[in-house]
Amino acid sequence: MIMPQESPIVEPVPVLGDNYIWMFASEENHYVAVDPGTSDEVIQWLDDREGRLSHILLTHHHADHIGGVAALQKKYNPQTIGFHGDASRLPALDRTVQEGDTLNLGHSMAQVLETPGHTLGHVVYKVGDALFSGDTLFSLGCGRLFEGTAEMMWNSLNKLLSLPDETRLFCAHEYTLTNHGFALSLEPENPDLLAMQGKLMKKNDQNQPTLPTTLAEEKRVNPFLRCSDQSLITHLGLEKKNPIERFAQIRRWRNDY
Ligand code: ZN
Ligand code: FE
């Protein structure tokens, strides 16, 4: 028997150029897929392990996160889980969840947090120390504001910031290198950002994921989590703005980067 894991083994299935479908075990030979934007790669991954799909966790309704669901449902009949408030925009769900819900995934447990901003109905899942942050929080970045306001996203990011520093972040996209360039343009002297550069370039050259990252690391380098950092505020001339306005301004700059 697999006991609930404080630090689950999570593996990436890279798809669609820069998406990750994250996989972890629910029971022996049974796996959970987070945001399967495609199905073929997941089926291949499971075949390689003689595994089956027990659950699908969905963070939000965008096609690059749900595109593989129908085919995977047909093949494995997994329990499909998503936010109740967005059920009309998601594939057929077996279970709907909301803020504070706890899910049993075989021998794993997931905690649900609502993080609106990128879309109005975005949720993230925390399994042990692993946070599946979808398109809310990326390494060195955050999701675009397609539906929510800057204030909503700011509140969502702050909710994630209150999680333990050692939380490992499994983001839905590999945007880290581009985000790093942007972050460095805002904080050219941030020693932690400078120190990352070589490692990121190497991983990029070797086609290796830059994820997971940790909340502790992101607090040092992610400009969207550093809206209250005095040297960043001064360098960018944002002294007169409140934290939400500073966040909104950095998000606008990122859109144009
Ligand atoms: Zn999205
Ligand atoms: Fe996405």
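Residues numbered from 1 in each chain as written. Chains lettered and ligands numbered in written order. Predicted model: local features only at pLDDT ≥ 70, side-chain atom pairs only at ≥ 80, totals over all residues. Heavy atoms only, no water.

Q: For the coordination of the zinc ion (ligand 1), give the residues involved together with the corresponding values.
A: Around the zinc ion (ligand 1), the donor atoms from the protein are His60 (NE2), His62 (ND1), His118 (NE2) and Asp135 (OD), and they sit 2.2 to 2.3 Å away. Viewed at the metal, the four donor atoms of the zinc ion (ligand 1) are separated by angles of 87 to 174 degrees, and the geometry they form is irregular. Mapped onto the sequence, the residues coordinating the zinc ion (ligand 1) show the spacing H-x1-H-x55-H-x16-D. Here the iron ion (ligand 2) and the zinc ion (ligand 1) are spaced 3.1 Å from one another, each receiving a donor from Asp135. (Donors = N, O, S within 2.8 Å, 3.2 Å for Na, K, Ca; no water. Tetrahedral: all angles 85-135°; square planar, octahedral: opposite > 155°, others 65-115°.)

Q: How would you summarise the pairing of strand E8 (residues 108-114) if you had to cite specific residues and measurements?
A: When strand E7 (residues 102-105) meets E8, the two strands line up antiparallel, connected through four bridges. If you follow Leu103 over to E8, its bridge partner there is Ala110. Linking two consecutive strands that pair antiparallel, namely E7 and E8, is a turn of two residues; a positive phi of about 60 degrees is found at Gly106 within it. Here four bridges tie E8 to strand E9 (residues 123-127), and the two strands are oriented antiparallel to one another. Bridging from a neighbouring strand, Val112 pairs with Tyr125 of E9. (Pairing = 2+ DSSP bridges. Helix = DSSP H or I, 4+ residues; strand = E, 2+ residues; numbered from the N terminus.)

Q: Describe helix H4 (residues 150-161), and please don't skip the residues or the numbers.
A: With twelve residues, H4 extends 16 Å between its outermost C-alpha atoms, agreeing within 8% with the 16 Å of an ideal straight helix rising 1.5 Å per residue. Along H4, the residues that are buried comprise Ala150, Met153, Trp154, Ser156, Leu157 and Leu160. When H4 is viewed along its axis, its buried side chains cluster within an angular range of 165 degrees and face the same direction. The inward-facing, buried residues of H4 contact E9, strand E10 (130-134), strand E11 (137-138), strand E12 (141-142), helix H7 (215-221) and helix H9 (243-256). (Expected span 1.5 Å × (residues − 1). Buried < 20%, exposed > 50% of the residue type's maximum accessible area, 1.4 Å probe, protein only. Arc of directions from axis to C-beta. Contact = heavy atoms within 4.5 Å.)

Q: Let's hear about the sheet that holds E7: which residues, and what values?
A: Pairing is mixed across the open sheet formed by six strands, whose spatial order is E7-E8-E9-E10-E13-E14. The open sheet terminates on both sides in strands that have one partner only, identified here as E7 and strand E14 (213-214). Relative to E10, E9 is paired through three bridges, and the arrangement is antiparallel. Pairing of Val127 across the sheet is with Ala130, part of E10.

Q: Explain the side chain of Asn179 to me, using residue names and the numbers behind them.
A: Here Asn179 shows up in helix H5 (residues 176-186). Judged by relative accessible area, Asn179 falls into the buried class, the value being 2%. Ignoring anything within four residues of it in the chain, the contact list for Asn179 reads Phe138, Ser139, Leu140, Gly141 and Arg254.

Q: Hey, could you go over the coordination of the iron ion (ligand 2) for me, with residue numbers and the actual values?
A: Only Asp64 (OD), His65 (NE2), Asp135 (OD) and His173 (NE2) from the protein coordinate the iron ion (ligand 2), and they sit 2.1 to 2.3 Å from it. Bound by four donor atoms, the iron ion (ligand 2) shows angles of 84 to 169 degrees at the metal and therefore irregular coordination geometry. Residue His173 is classed as buried on the basis of its relative accessible area of 4%.

Q: Which residues make up the pattern of salt bridges, and what are the values?
A: For the structure on display, the rule yields ten salt bridges. The shortest N-O distance in the salt bridge between Asp129 and Arg168 comes to 3.0 Å. One end of the pair, Asp129, is in the loop between E9 and E10; the other, Arg168, is in strand E13 (residues 168-171), and 39 residues separate them in sequence. A relative accessible area of 18% places Arg168 in the buried class. The salt bridge involving Arg226 is made with Asp229; its shortest N-O contact spans 3.4 Å. The exposure class of Asp229 is partly exposed, given its relative accessible area of 22%. One network of salt bridges, with partners in common, ties together Asp86, Arg89 and Glu147. (Salt bridge = Lys/Arg side-chain N within 4 Å of Asp/Glu carboxyl O.)

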